[in-house]
Amino acid sequence: GAKAEGRNAFQYYSSDLNKASLGELLLENQLRGALDRDELLLYYQPKVQASDGRITGAEALLRWSHPELGVLLPGRFIPAAEESGLIVPIGEWVLRHVCAQLRAWLDAGHRPVPIAVNLSAQQFAHQDIALLVRGILTEHRVPAELLELELTETMLMRDVERTVGLLARLRGLGVRLSIDDFGTGYSSLAYLKLFEVDVLKIDRSFVNDIRGDDGEEGKIATAVIALAHSLGHKVVAEGVETKYQRDFLTRQQCDQFQGYLFGHPIPADEFIARLHTDTQT
Ligand code: C2E
Ligand code: MG
Ligand code: MG
Ligand code: MG
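Residues numbered from 1 in each chain as written. Chains lettered and ligands numbered in written order. Predicted model: local features only at pLDDT ≥ 70, side-chain atom pairs only at ≥ 80, totals over all residues. Heavy atoms only, no water.

Regarding unusual backbone geometry
Which entries qualify depends on this criterion: The secondary structure listing takes helices from DSSP runs of H or I that are at least 4 residues long and strands from runs of E that are at least 2 residues long, numbered from the N terminus.
One non-glycine residue, aspartate 38, lies in positive phi territory at about 65°. Its place among the elements puts aspartate 38 in the loop between helix H1 (2-34) and strand E1 (40-49). Despite not being glycine, glutamine 253 shows a phi value in the positive range, around 70°. Its location among the elements puts glutamine 253 in the loop between helix H11 (243-251) and strand E9 (256-258).

Some details on the coordination of the magnesium ion (ligand 4)
When a metal carries six donors in an octahedron, the ideal angles between them are 90 or 180 degrees, while four donors in a tetrahedron ideally lie at 109.5 degrees. Test applied: Each metal site lists N, O and S donors within 2.8 Å (3.2 Å for Na, K and Ca). With water left out of the atoms, a site can look as if it is missing ligands.
Around the magnesium ion (ligand 4), the donor atoms from the protein are Asp181 (OD) and Glu238 (OE), and they sit 2.3 Å away. In this structure, the magnesium ion (ligand 4) lies 3.0 Å away from the magnesium ion (ligand 3), the two metals sharing aspartate 181 as a donor. Of this pair, aspartate 181 sits in strand E6 (residues 176-182) while glutamate 238 sits in strand E8 (residues 234-238), placing them 57 residues apart in sequence.

Some thoughts on the site of ligand 1
We apply this condition: Near residues are defined by distance, with any heavy atom within 4 Å of the molecule or strand qualifying the residue. The definition of a polar contact used here is a pair of N or O atoms within 3.5 Å, where within protein one atom must be able to donate a hydrogen and the other to accept one, and adjacent residues in sequence count solely through side-chain atom pairs. In this description, accessible areas are obtained by the Shrake-Rupley approach with a 1.4 Å probe, and a residue is regarded as covered only by the protein chains that are shown.
Taken together, the neighbourhood of ligand 1 is formed by 23 residues, with Arg63, Asp180, Arg204, Glu241 and Tyr260 sitting nearest. One nitrogen or oxygen atom from the main chain of tyrosine 260 is found 2.8 Å from an oxygen atom belonging to ligand 1. Protein chains shield 83% of the accessible area of ligand 1, which is 810 Å² for the free molecule. For the shell around ligand 1, the secondary structure elements donating two or more residues are strand E2 (55-66), helix H2 (74-84), helix H3 (87-107) and E6.

Focus: the packing of helix H5 (residues 129-140) against helix H7 (residues 160-173)
Formally: Orientation is described by axes fitted as lines to C-alpha atoms, over the contacting stretch for helices, and by angles from 0 to 180 degrees between their N-to-C directions. Under this scheme an angle from 65 to 115 degrees is roughly perpendicular, one under 35 degrees roughly parallel, and one over 145 degrees roughly antiparallel; angles in between are oblique. Crossing handedness: left-handed means the near helix sits turned counterclockwise from the far one by under a right angle, and right-handed means the same turn made clockwise. By definition, residues are in contact when any of their heavy atoms lie within 4.5 Å. Residues are grouped as follows: Ala, Val, Leu, Ile, Met, Phe, Trp, Tyr, Cys and Pro are nonpolar; Asp, Glu, Lys and Arg are charged; all remaining types, including Gly, are polar.
Between H5 and H7, whose axes approach to 9 Å, the crossing angle comes to 15°. With respect to H7, the element H5 is oriented roughly parallel. Between H5 and H7 lies a crossing of right-handed hand. Between H5 and H7, the residues in contact are Ile129, Ala130, Leu131, Val133 and Arg134 and Leu166, Arg169, Leu170 and Leu173, respectively. Split by residue class, the contact of H5 with H7 holds seven nonpolar, no polar and two charged.

What to know about the coordination of the magnesium ion (ligand 2)
Going by this rule: Throughout this description, buried means an accessible area under 20% of the type-specific maximum (1.4 Å probe, protein chains only), exposed means over 50%, and partly exposed covers the range between.
The protein atoms that coordinate the magnesium ion (ligand 2) are Glu59 (OE), Asn118 (OD1), Glu150 (OE) and Asp180 (OD), at distances of 2.0 to 2.2 Å. Sequence positions of the residues that donate to the magnesium ion (ligand 2) give the spacing E-x58-N-x31-E-x29-D. Separating the magnesium ion (ligand 2) from the magnesium ion (ligand 3) is a gap of 3.6 Å, bridged by aspartate 180, which donates to each. One end of the pair, glutamate 150, is in strand E5 (residues 147-152); the other, aspartate 180, is in strand E6, with 30 residues separating them in the sequence. For the pair shown, glutamate 150 and aspartate 180 are each scored as buried.

What about the packing of H3 against H5?
Running from N to C, H3 and H5 cross one another at 30°; their axes reach a closest spacing of 9 Å. In terms of orientation, H3 lies roughly parallel with respect to H5. As for the relative orientation of H3 and H5, their crossing is right-handed in sense. Residues Glu92, Leu95, Arg96, Cys99, Ala100 and Arg103 of H3 form the contact with H5, whose participating residues are Ile129, Leu132, Val133, Ile136, Leu137, Glu139 and His140. When its residues are assigned to classes, the contact of H3 with H5 shows eight nonpolar, one polar and four charged.

Pasting the structure below:
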């Protein structure tokens, strides 16, 4: 009857849940060894100048080359890394790897552009991130202005007083700072003006709204650009996929673009080759 069916439905549901969390646990265990086994890698996605399409920088994006599952995107493993605290050593690896890469490019005679690294909430809240960044820059003899740190609103808002001090120390080192996924978090405008950052990155979801199929399109993106400029920040639009979006955002005075229209995330050697042809033409 209905009762038995209900119980079966429940058992089915619950064993399904167990399977999912078992998968997560397995992945988390494997992630623990991924650093030692050298399975993490970084891809680089170009950011371009709105006025002429030239590359102004890149964002380093984490990938996990899993022995059985292939190359995994951060969406598959960052949540587990955050939950387990593994994001702290992984985040340190990302910073070191980017600075080592910048050093290698400099040594090879390339003129690299600034590379942005995503920081996680845990790194920002529990580590002395300014000390860590200073140490890594010194270790690899990398000029601070070649490193950019992407922070989210939620991270910044958690303890505003501490954030203001930390941002001042990071700026004192000379690194660039940006607020990522802007507009998706909870942000108080009163506090926003206290945060001395260089760039606001408009979240992809607002860029995706620019489609030319209704009169409401692009209103948030337009407002964010105006807000950023009035606070003295540059604006990067992320997730730009169409020429329509590019042209709309250019009319709104957006400064830079990042998105599939201008390039997918690519391995380091492909990125430097692209940078080379970009600066020659
Ligand atoms: P994010 O920092 O907002 O990075 C931008 C994401 O948008 C990247 O996804 C990028 O591949 C994707 N993207 C760029 N252009 C387009 C486009 O035109 N269309 C679409 N549909 N997507 C586009 P990805 O690489 O999967 O990374 C997802 C998120 O994972 C990042 O979002 C960031 O929050 C996090 N993440 C990546 N690398 C790291 C890392 O080293 N440390 C930490 N803590 N988080 C990371
Ligand atoms: Mg980012
Ligand atoms: Mg982003
Ligand atoms: Mg985003």
